[in-house]
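# Descriptive structure summary
Take a look at the letters that make up each chain.
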Amino acid sequence: MSPVTVLIPTLLRPLVGDRSAVEVPLEAPAPVSAVLDSVADGRPVFARRIRDETGALRRYVNVYVDGEDVRRADGLATPVSPGSEVMIIQSVAGG
């Protein structure tokens, strides 16, 4: 079993114990949604910051699997293989 490394953006780190990365054990390919569910387990505020009430990614949150934007693939159904890297990027607006 090779864990998936989920990279956490600075603004969300306080919600995951101030960690920059969370490892998710994975024995076989799984959809991005399952990986995010694993990170969000027991962390409801983190879950709400990533997805809206319908379960879709919030429009200001981008997720990449091994450098590929999941929105340009199969969205939350994009497969993640053991040993992959999932990066969450949260857009920050201001002016």
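Anything mentioned here points back to the structure above.
Keep in mind it's a predicted model, so treat the numbers as computed, not measured.

### Quick notes on the environment of Phe46
Its location among the elements puts Phe46 in helix H2 (residues 44-50). Sequence separation of Phe46 and Val16 is 30 residues, and the distance between their C-alpha atoms is 7.7 Å. Apart from the residues within four sequence positions on either side, Phe46 is in contact with Ile8, Leu12, Leu15, Val16, Val39, Ala40 and Ile88.

### Considering the pattern of salt bridges
Going through the model one piece at a time under the given rule, you end up with two salt bridges. Measuring nitrogen to oxygen at the nearest pair gives 2.5 Å for the salt bridge that ties Arg51 to Asp37. On the criterion of sequence distance, the pair formed by Arg51 in the loop between H2 and strand S4 (61-65) and Asp37 in helix H1 (residues 32-40) is long-range, its members being 14 residues apart. We classify Arg51 as buried; its relative accessible area is 15%.

What counts, and where the lines are drawn
Residues numbered from 1 in each chain as written. Predicted model: local features only at pLDDT ≥ 70, side-chain atom pairs only at ≥ 80, totals over all residues. Heavy atoms only, no water. Helix = DSSP H or I, 4+ residues; strand = E, 2+ residues; numbered from the N terminus. Contact = heavy atoms within 4.5 Å. Salt bridge = Lys/Arg side-chain N within 4 Å of Asp/Glu carboxyl O. Buried < 20%, exposed > 50% of the residue type's maximum accessible area, 1.4 Å probe, protein only.

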